[in-house]
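Okay, here's what each chain looks like letter by letter:
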Amino acid sequence: MSAGILKAQGLCKSYKDKEVLHNLDLTIEPGKIYGLIGRNGAGKTTLLGILTAQNTKNSGDVTYNGQPVWENQRALNDICFSRELQPTLFSGPNNLKVRHYLKSAAIYYPNWDQAYASRLLEEFKLEKKKKISQLSKGQMSMVTILIALASRAPITILDEPAAGLDVVMRERFYQLLLEDFAQTGRTFIVSTHIIEEAASVFERVIILDEGRIIENTDTEELVGQFRYVSGRDDVVDQVCNGLRILSTHQMGRHKTVAVRGDMVKLETAQAADVDIAPMNLQNVFVSLCGHGDAQ
Amino acid sequence: MRGTLNDQSLIYLQIARMLEDDILREVYREEEQVPSTNELARNYNINPATAAKGINLLVSDGILYKRRGIGMFVSKGAGDTVKEKRKAAFYDGFVKPLVKEGASLALTGEELVDMITKAMEEEKK
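Every chain's residues receive numbers from 1 upward, in the order its sequence appears when written. Both sets of labels track the order of writing: A upward for chains, 1 upward for ligands. Thresholds applied to this predicted model are a pLDDT of at least 70 for local features of residues and 80 or more for the giving and counting of side-chain atom pairs; totals over whole chains, interfaces and linings are not thresholded and use all residues.

As for the overall build of chain A
Working step 1: Helix and strand content of chain A: eleven helices and 16 strands.
Working step 2: If you line up chain A on its principal axes, its C-alpha atoms span 65 × 40 × 40 Å.
Working step 3: Among the 295 residues that make up chain A, the fraction classed as buried is 38%.
Working step 4: Note on contacts: each residue gets a C-beta atom placed from the backbone, and two residues are in contact if those atoms are within 7 Å. In chain A, once contacts between residues fewer than 6 apart in sequence are set aside, the share between residues at least 24 apart is 69%. Helix and strand definitions follow DSSP, with helices as H or I runs of at least four residues and strands as E runs of at least two, each counted in order from the N terminus. Backbone-placed C-beta atoms define the burial measure: a residue is buried with 20 or more other C-beta atoms within 10 Å of its own, exposed with 12 or fewer, and partly exposed in between.

Looking at unusual backbone geometry
Only a minority of non-glycine residues have a phi that is not negative, and only a minority of peptide bonds are not trans.
Residue and element names in this part refer to chain A.
Working step 1: Residue K16 is not a glycine yet carries a positive backbone phi of 50°.
Working step 2: Mapped onto the elements, K16 comes out in the loop between β1 (6–15) and β2 (18–28).
Working step 3: Residue class for K16 comes out exposed when judged on the 5 C-beta atoms lying within 10 Å of it.
Working step 4: If you check the backbone angles, A53 has positive phi at about 60° while not being a glycine.
Working step 5: Along the chain, A53 turns up in the loop between α1 (44–51) and β4 (59–64).

Let's talk about the environment of F226(A)
Residue and element names in this part refer to chain A.
Working step 1: Here F226 lies in strand β13 (residues 226–232).
Working step 2: Looking at F226, the number of C-beta atoms within 10 Å reads 21, which means it is buried.
Working step 3: Residues F226 and G43, spaced 183 residues apart in sequence, show a C-alpha to C-alpha distance of 25 Å.
Working step 4: If we skip the residues at most four places from it in the chain, F226 touches A258, R260, M279, N283, V284 and S287.

Description of the interface of chain B and chain A
Working step 1: Taken together, the contacts link 16 residues of chain B with 16 residues of chain A.
Working step 2: Counting residues per element, the ones that place at least two in the side of chain B that touches chain A are α1 (11–24), α2 (37–44) and α3 (48–60) of chain B.
Working step 3: Class assignment of the residues belonging to the side of chain B that touches chain A gives a composition of eight nonpolar, six polar and two charged. Classification convention: Asp, Glu, Lys, Arg as charged; Ala, Val, Leu, Ile, Met, Phe, Trp, Tyr, Cys, Pro as nonpolar; all other residues, Gly among them, as polar.

Structural notes on the confidence of the model for chain B
Working step 1: Per-residue confidence for chain B gives a mean pLDDT of 90, with 97% of residues at or over 70.
Working step 2: Scored as a complex, the prediction yields pTM 0.85 and ipTM 0.72. Confidence scores labelled pLDDT are given residue by residue by the predictor and lie between 0 and 100.

Some words on the packing of α2(B) against α3(B)
All names here are of chain B.
Working step 1: Between N-to-C directions, angles span 0 to 180 degrees; the directions come from axes that are lines fitted to C-alpha atoms, helices contributing only their stretch in contact. Put simply, α2 and α3 touch, their axes get as near as 8 Å, and they point 120° apart. In terms of axis orientation, α2 runs oblique to α3. You can see that α2 and α3 cross each other, and the crossing is right-handed. Contact with α2, carried on its side by T37, N38, L40 and A41, involves P48, A51, A52 and I55 of α3 and no other residues of that element.
Working step 2: Of the residues contributing to the contact of α2 with α3, the split by class is six nonpolar, two polar and no charged. Any angle from 65 to 115 degrees is called roughly perpendicular, while one under 35 is roughly parallel, one over 145 is roughly antiparallel, and all others are oblique. The sense of a crossing depends on the near helix, which, turned anticlockwise from the far helix by less than a right angle, makes the crossing left-handed and, turned clockwise, makes it right-handed.

Details of the packing of α1(B) against α3(B)
All names here are of chain B.
Working step 1: Where α1 meets α3, the axes come as close as 8 Å, and the angle between the chain directions of the two elements is 55°. On the basis of their axis angle, the class for α1 and α3 is oblique. In this structure, α1 crosses over α3, and the sense of that crossing is right-handed. Here α1 contributes I11, Y12, I15, A16 and L19 to the contact with α3, which in turn contributes T50, A51, K53, G54, L57 and L58.
Working step 2: Residues belonging to the contact of α1 with α3 are distributed by class as follows: eight nonpolar, two polar and one charged.

Examining the environment of Q282(A)
Working step 1: Mapping Q282(A) onto the fold places it in helix α11 (residues 281–289).
Working step 2: Considering only alpha carbons, one finds Q282(A) and V223(A), 59 residues apart in sequence, at a separation of 9.3 Å.

Some details on the sheet that holds strand β10 (residues 187–191) of chain A
All names here are of chain A.
Working step 1: DSSP bridges decide pairing: two strands pair if at least two such bridges lie between them. In spatial order, the strands read β6-β9-β10-β3-β11-β12; together these six strands make up an open sheet with mixed pairing. The open sheet terminates on both sides in strands that have one partner only, identified here as β6 (79–82) and β12 (212–218). The average angle at which neighbouring strand axes cross in this sheet is 15°, direction not considered.
Working step 2: Judged from the six bridges that link them, strand β11 (residues 204–209) and β12 form a sheet pairing that is antiparallel. Bridge pairing in β12 places L208 opposite I213.

Overview of the pairing of strand β15 (residues 254–260) of chain A
Working step 1: Pairing geometry for β13(A) and β15(A), over seven bridges, is antiparallel. By the bridge assignment for β15(A), F226(A) is matched with R260(A).

Brief notes about the sheet that holds strand β14 (residues 244–251) of chain A
Residues and elements named next belong to chain A.
Working step 1: Strand order in this open sheet of four strands is β14-β15-β13-β16, and the pairing throughout is antiparallel. Edge strands, defined here as strands with exactly one partner in the open sheet, are β14 and β16 (275–278). When the angles between neighbouring strand axes are averaged without regard to direction, this sheet yields 20°.
Working step 2: As paired strands, β13 and β16 are joined by four bridges and run antiparallel to one another. Note that in β16 the partner of R227 across the bridge is P278.
Working step 3: Against the sheet, helix α9 (residues 233–240) contacts β13, β14 and β15, and its axis sits at roughly 145° relative to β13.

Here's what the structure looks like:
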């Protein structure tokens, strides 16, 4: 079971006359855990749906091992997209039961691991006979996690698996993910809004901002490019000359700026009379995608 | 291994530092095996690639070496290598800022040395 390369090129998607993905390129390499982060409405779920041929596109290509994924059973056999479950289905309550989801997953995914699924079902204390509409938000997430992990698909995509989970379960989820990854080395794409606690799990992070991919980078390499620089405003300005300034906060003469720069420039900044503090992935995300909404 | 990760520096650097600390404390002695990438990943809930990056840093510093098919081991004289590395970092990270801060307070070199000598005497008591 070895995964291939999943690739999107020139992807455009509109809902009515609103374009949500703009000429987007993305390459997913095998054997890595990717984090997909973006603000509400950035287009994350739309992108994941199109990558897995569950949603249509207006233009562009999605290929797996060079072959289009659309209506391509061989490609889709290798890809699992575990969507967020909803308490409603069509116009009524979602009366499907947990066991219906498990049964269809077992039929659909050729690598389905029933023993693993049963183990997780027990660990998560999920009742097979319960209707989806009777589950809590966290329990719905557990069902999607269970299906994703037990699918054993070479490319496994989880959309907001952490939503509604308590902090203990979230930690357990990342443990399970890493355990499985250590065993199988399959590719994971995980979207989340709870960025910081997932940062150490992601080898690469994809940042989707307003329908465009603005980063697809090694997580630590990305985080290492950012700093907060603070001190007297004129000294800060001098130090940050030539660095990309993402945000500025001024308080009297004291100024703090969020900067991005290469290592060499950051090192010369370190020699001046300013304070330099590192960022974490969450800070980086706010700096890049905040667009002035965050204060 | 002990300690927990923080977000004050990159994770692979923290992994490298924790392994160095454990070598200095003789948690891992010369020619002994250190935890594997996957063990580190599991223990700290981090991506194995990140753990590998930390280990590789110590390999390029000559602190760890690889035995093919077995795992990573502590090099001969690794403790001294770590100390030398830390001394260089101490100079850059503590002595230089100390001198800089002294200069901004208009301390003379003599005053600075006197202060260090005094602090060392207090430490002995």
